[in-house]
Structure formats: C-alpha cells, structure tokens
Amino acid sequence: MALSDLNPVERNEEGIAAVLGILKQRLGERFQTGQAIRTQHAHTTTYIPTQAPDGVAFPETTAEVQEIVSACAAHRVPVIAFGVGSSLEGHTNAPGGGISVDTSRMNRILAVNPQDLDCTVEPGVTREDLNRHLRDTGLFFPIDPGANASLGGMAATRASGTNAVRYGTMRENVLSLTAVMADGETVTTGKRAKKSSAGYDLTRLLIGSEGTLGIITELTLKLQGIPQAISGGVCPFPSVEAACNAVIATVQMGIPVARIELVNALQMRAMKSYSKLDYPESPCLFVEFHGSDAGVAEQAETFGTIAEEYGGGPFLWTSVAEERTKLWKARHDAYWSSLTLRPGAKGLSTDVCVPISRFAECVTQTEADIAEMGLIAPIVGHAGDGNFHVLVLMDVDDPKEIAATEGFVARLNMRAIGMDGTCTGEHGIGQGKIGFLRHELGHSVDIMRTIKRALDPLDIMNPGKILPAD
Ligand SMILES: Cc1cc2nc3c(=O)[nH]c(=O)nc-3n(C[C@H](O)[C@H](O)[C@H](O)COP(=O)(O)OP(=O)(O)OC[C@H]3O[C@@H](n4cnc5c(N)ncnc54)[C@H](O)[C@@H]3O)c2cc1C
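As a convention, each chain's residues are numbered from 1 in the sequence order in which they are written. Owing to the predicted nature of the model, reporting of local features is limited to residues with pLDDT of at least 70; listing and counting of side-chain atom pairs is limited to 80 or more, with chain, interface and lining totals taken over all residues. To get the side-chain values, take all heavy atoms of the structure and skip hydrogens and water.

## What to know about the site of the ligand
Working definition: residue near molecule or strand if any one of its non-hydrogen atoms lies within 4 Å of it. Residues in contact with the ligand amount to 34 residues; listed here are only the nearest, Ala81, Gly83, Ser86, Ser87 and Ser150. Distance and chemistry together define a polar contact, namely a pair of N or O atoms within 3.5 Å, with one atom able to donate a hydrogen and the other to accept it when in protein, and with adjacent residues in sequence counting only for side-chain atoms on both sides. Within the side chain of Ser86, an N or O atom sits 2.6 Å from an oxygen atom of the ligand. Protein burial of the ligand: of its 980 Å² of free accessible surface, 96% is covered by the chains. Broken down by secondary-structure element, the contributors of at least two residues to the shell around the ligand are β3 (79-82), α6 (151-157) and β10 (214-222). Each accessible area is a Shrake-Rupley result for a 1.4 Å probe, and residues are judged covered by the shown protein chains and nothing else. A run of H or I in DSSP counts as a helix once it spans at least four residues, and a run of E counts as a strand once it spans at least two, with each numbered from the N terminus.

## Side note on the packing of helix α16 (residues 399-418) against helix α17 (residues 434-441)
The description of two helices packed together rests on the angle between their axes and the distance between the axes. To obtain each axis, a line is fitted to C-alpha atoms, and for helices this fit is confined to the stretch in contact; angles are then taken between N-to-C directions over 0 to 180 degrees. Relative to each other, α16 and α17 sit at 20 degrees, their axes nearing to 10 Å. If you check the angle between α16 and α17, you find them roughly parallel. Taken as a pair, α16 and α17 cross one another with a handedness that is right-handed. Across the interface between the two elements, Ala410, Asn413, Met414 and Ile417 from α16 touch Phe436, His439 and Glu440 from α17. Angles below 35 degrees are treated as roughly parallel, those above 145 as roughly antiparallel, those between 65 and 115 as roughly perpendicular, and all remaining angles as oblique. By definition, turning the near helix anticlockwise from the far helix through less than a right angle yields a left-handed crossing, and turning it clockwise yields a right-handed one. Should any heavy atoms of two residues lie within 4.5 Å, those residues are counted as being in contact.

## Side note on the pattern of salt bridges
The term salt bridge refers to a side-chain nitrogen of Lys or Arg lying within 4 Å of a carboxyl oxygen of Asp or Glu. What the rule picks out here adds up to 29 salt bridges. Ionic pairing is found between Lys329 and Asp333, a salt bridge with its closest N-O pair at 2.6 Å. Residue exposure (1.4 Å probe, protein chains only): buried if accessible area is under 20% of the type maximum, exposed if over 50%, otherwise partly exposed. For Asp333, a relative accessible area of 15% gives the class buried. Of the charged contacts in the structure, one is a salt bridge between Arg415 and Asp369, with a shortest N-O distance of 3.2 Å. Of the two residues, Arg415 is situated in helix α16 and Asp369 in helix α15 (residues 359-373); the sequence distance between them amounts to 46 residues. There is no split in this pair, since Arg415 and Asp369 are both buried. The network of salt bridges with shared partners includes Arg26, Arg30, Glu60, Glu64, Glu67 and Arg105.

## Some points on the UniProt feature "domain: FAD-binding PCMH-type" (unreviewed entry) in the protein chain
UniProt positions are given in the numbering used here, feature names are shortened, and annotations may be inferred rather than shown by experiment. UniProt tags residues 49-226 as "domain: FAD-binding PCMH-type" (unreviewed entry). From the first C-alpha to the last, residues 49-226 spans 41 Å; its make-up is 23% helix and 25% strand.

## Here we look at the sheet that holds β10
As summarised here, the arrangement of the five strands in space is β5-β6-β10-β8-β9, forming an open sheet in which the pairing is antiparallel. Single-partner strands in this sheet number two, and they are β5 (109-113) and β9 (186-188). Each neighbouring strand pair of the sheet contributes to a mean axis angle of 15 degrees, computed without reference to strand direction. Contacts between helix α4 (residues 62-74) and the sheet are confined to β8 (174-181), β9 and β10, with β8 contributing the most and set at about 45 degrees to the helix. The strands touched by helix α5 (residues 127-134) within the sheet are β5, β6 (118-121) and β10, with β5 carrying the most contacts at an inclination of about 50 degrees. Any two strands with at least two DSSP bridges between them are considered paired.

## Some thoughts on unusual backbone geometry
Trans is the prevailing form of peptide bonds, just as negative phi is the prevailing case for residues other than glycine. Cis rather than trans, the peptide bond between Gly313 and Pro314 has omega equal to 0 degrees. Even without a glycine there, the phi angle at Arg76 is positive, about 55 degrees. For Arg76, the position within the fold is in the loop between α4 and β3. With phi around 70 degrees, Asp420 is a residue other than glycine that occupies positive phi space.

## Considering the packing of aromatic side chains
Here is the rule: rings of Phe, Tyr and Trp (six-membered ring for Trp) pair when centre to centre is within 6.5 Å. Planes less than 30 degrees apart are stacked, more than 60 are edge-to-face, and the remainder are tilted. Across all of its chains, the model carries six aromatic pairs by this definition. Taken together, a centroid distance of 5.6 Å and an interplanar angle of 85 degrees make the contact between Phe140 and Tyr167 edge-to-face. Taken together, the residues Phe140 in strand β7 (residues 139-140) and Tyr167 in helix α7 (residues 164-167) connect sequence positions 27 residues apart. Chaining the aromatic ring pairs together yields one cluster made of Phe289, Phe303 and Phe315.

## Considering the pairing of β5
Looking at chain direction, β5 and β6 are connected through four bridges and run antiparallel. Residue pairing in the sheet places Asn113 in a bridge with Asp118 of β6. Here β5 hands over to β6 after four residues, with Leu117 in that stretch at a positive phi of 50 degrees.

## A closer look at the nonpolar core
Put simply, a nonpolar core is a bunch of buried Ala, Val, Leu, Ile, Met, Phe, Trp, Tyr and Cys residues held in one set by side-chain atoms that sit within 4.5 Å of each other. Core analysis: the largest hydrophobic core is formed by 49 residues, its most contacted members being Leu262, Leu285, Phe289, Phe303, Phe359, Phe388 and Val390. With eight residues, the top contributor of residues to this core is helix α10 (residues 240-252). Residues contacting Phe388, with those up to four places away along its chain left out, are Thr350, Asp351, Val352, Phe359, Cys362, Val363, Thr366, Ile379, Val380, Gly381, His382 and Leu412. Within the second largest apolar cluster, 25 residues are counted, among which are Leu139, Ile207, Leu219 and Leu221.

Okay, structure coming up:
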C-alpha cells in the first residue's frame, strides 16, 4: 500500500488562497511562496515523496505563531511546524497543502539557571547552539540526535541519541513547554520544579506529538553538569552476536555507561574510509564513561573484562578529549559515511527498539534477513537502549528495490513489535510508520484519536501524520 493511501488529506483550495493573502499582508518578506523554499520545507531526507506546503511563514514570537494558527483555523487550512527538517518519516510533508511554520527565527535562549540546572529556550535553537552557549557554565544538554536538530523538533519527535542510555530521551529532559494549540490559544504545561504530581501530564502529551496537537514556542529543559572525567574507546568483536551479548551483560550488571554504540562490520568499513579510523573491519562497540577519574578508569576496566568474556578486544580507551572527539564525530557521521557504500543511492534509516534481553536476537535475525535479501544495509545502534538503525541503501528510481526495501522494513518492524519492542525508538511515526501503530499499540490508537479530535477538531495541525485514516 502506498503511503498516500494511508494518509489522504483533502486540499481546501479556497481556504488556502485566503490564508496566503492574509499571511503575505501580515508577515511581508517573512512569508514565502517560491517553489524552491516550499520544497525545502517538505520531507526531503528519504525516498518518501516530497509533498510541499503552499507557503512558508517565519514567525519571530509566540504571538505571531498564534496569529498564523488562528488564520489557518478560521479557514480550515493545515499548519505544519518545521524545525530544521531532519526528521525521517515524512513528518514535515503537507499532503493536503497548507502553511509550514518555520521556527528558525525563534532562536533565543531566554534563561539559563545554573543553580537549578535548567534553561528556557525558543524552539528554533538547535542542540549544538545550546551547547555552545552553555560551554562556559560547566553545564550541557545531553540529547544528541545525529543531525543538528532544533529543540522544538526534538521535543515534537521525542528524540534521543547516543547519550540516552545514561541521560534519557527528550521525554525525561523537558520540564515544561509553551505551545500554541489548534484554536490559537497558548498553554504552558508546567513550572521549573524537577518533579510534579499536578494533574494530567500535558508536557509529555505534547512531547512526541509531531506537531499534530500544537506548535511548541518555548521549552524549559533540564541541564547536566559536564563530568569531571570522560573516558571512552572502541572494542572489536568476532561477531555482531558477541558484541550484542557484551552490551546486554554490561547493562544488566548496572555499569553506568554514558554511551554504548554498536557498529557492524559493513558500517565499520564505511567509517574507516570516510572518517579515517584505524580499527579492524569487524563489529565494534563504541563506549564512553562519565564520572570521576577513578570511576571512569574502573568502569573502562570492568567493561574490558566483560568484552573479553565474549571474545572481544582489545578494548583501547582514552581520556584524551581530541581522540574521543574524533571517535564520536565518526559515529555521528555514520549516516553520511554509509552513503559512500553505494554512491547515488538514497538511505532509508529504520529505528526499532527492543527490550535489552532480546537485542542480540533481533539484530542477528535482521542481519540474516539483510543477507538473504542481498541488501546493502549497514547497522548502527544505540545498543544500551536496545535500539538500532539499519540504513538501507536503495535506488529510488527502481520500484522493485523500493518494494523489496519496504518488505524488509515491515518484517523488521513486526519482528521488534513481536519481541515486545517498538517500530520506532526515536524517529517517530510521521507518514512512514502509520501502518504499524495499531499493531504495536492496539486500542491505544483509538484513545489517541479521541485526544486529537478534542484538541484539534478541524484537523488542521499536521494532518495525515501519526494516526491512520478511519
Ligand atoms: C543523519 C541523521 C541522523 C539522525 N539521528 C537521530 C538520532 O540519533 N536520534 C533521533 O532521535 N533522531 C535522529 N534523526 C532524526 C531527526 O534528527 C530527529 O527526528 C529530530 O528530532 C528532528 O528535529 P528537526 O528540528 O529536524 O524537526 P523537523 O524535521 O523540522 O520536524 C519534525 C517533526 O516535528 C514537528 N515540529 C518541529 N518543530 C516543532 C515545534 N516547534 N512544535 C511542534 N512540532 C514541531 C514537525 O511538524 C514534524 O512533525 C536523525 C536524522 C538524520 C538526518
């Protein structure tokens, strides 16, 4: 079934024409309708077809977002929030047209409270911008998706990354949000207290809602102290299964790893040549520990012993910042390095996540499926969370390859769900995974639909995403 069959959204030509006129008059140059800019604001990262909005607005304040949403509500026109467009499942597409609300001009850091370890930012601030700003405070914001995403987009997709095994995901690191809801009213979902039992948790309702309930215009985030010492390194293994079993043992022993990332042999080949790494072309774990000098040394040694038990090693680790930075830059560039394995191909990144005890089984079954299908599809994983990515490199002009890849991805998603896991550990549902939501969550989908109808009765907030058509 084509994605467009799963998420049809009717165009409202009259309403769109009215809103284009209103926003041009209200925002002037900060409202654009050129073909190139509209295309850039749709989905561009994978083979999912681009569905461009009719116009792109660049608001600078919450009040301006309210005006845009109110105009769209009055004329029943879709509103699609946009951060930097790095999402991977068609999230920013406009299947029924409408207005893209680009938050890049809402990029102020409004407050940093070092004593309380928190900060308040606008949604267009990117994770790298925030960490640059925090550098002299001794604090950092730990969530690190591979792209330099916006914090609004990260909250909206419930993003995470390599550090989640220690610091959690966006779900654990947002204290409060301000959002413009579908009726144009704003809501602030909490205060700065580290915990609260006050009523329904609207913060977490909005986190992961992918712009389908409201547009986030402010976020209050938890910050962490930069650790006194950081050590890390790379450990090769004879097989993916051995590497996965070492991860399971490390997590089950309660070693507080800050990062533990799986890279399979094919991905290692790509990273060695793209990032000039000098390690064997075999499955590897990239590992990092945070703590005191003595603590990180002890953790590294304990991990080395576990790795040996599974035939891994040598585990070469270092506390030298430049060497670690090179390793993690290579890991964050894994997506770009893997594209070099098949020049001209486009990548499709999956992101299933399973309970840690099923991790080795899920990865090895998936590798066997890749081999049987003859796909070029390296694997990297946030292994400590039981989360891994297969990047399938495909010729998007070949319908047979698209069908074969979609079949592989469907089997992978169902395999993870069958192991009590999820079809998406961090990327979200968007358009691409709509077909799997009910398999994973059953009747919960009906409750989600009830919430969506209550908060967005006109279905203007990013329609055609997350929820399957009735
Ligand atoms: C190379 C690469 C590596 C990646 N690695 C990871 C990874 O390790 N972990 C991970 O979690 N993700 C990863 N991603 C996916 C992506 O970076 C995340 O999903 C990210 O959170 C998206 O942020 P964005 O600013 O690009 O949002 P966009 O793509 O612009 O938008 C994403 C969704 O959020 C909504 N949205 C955006 N801003 C707002 C707002 N202010 N209010 C309400 N809704 C909003 C949009 O409508 C859309 O539905 C990767 C992507 C790439 C290209």
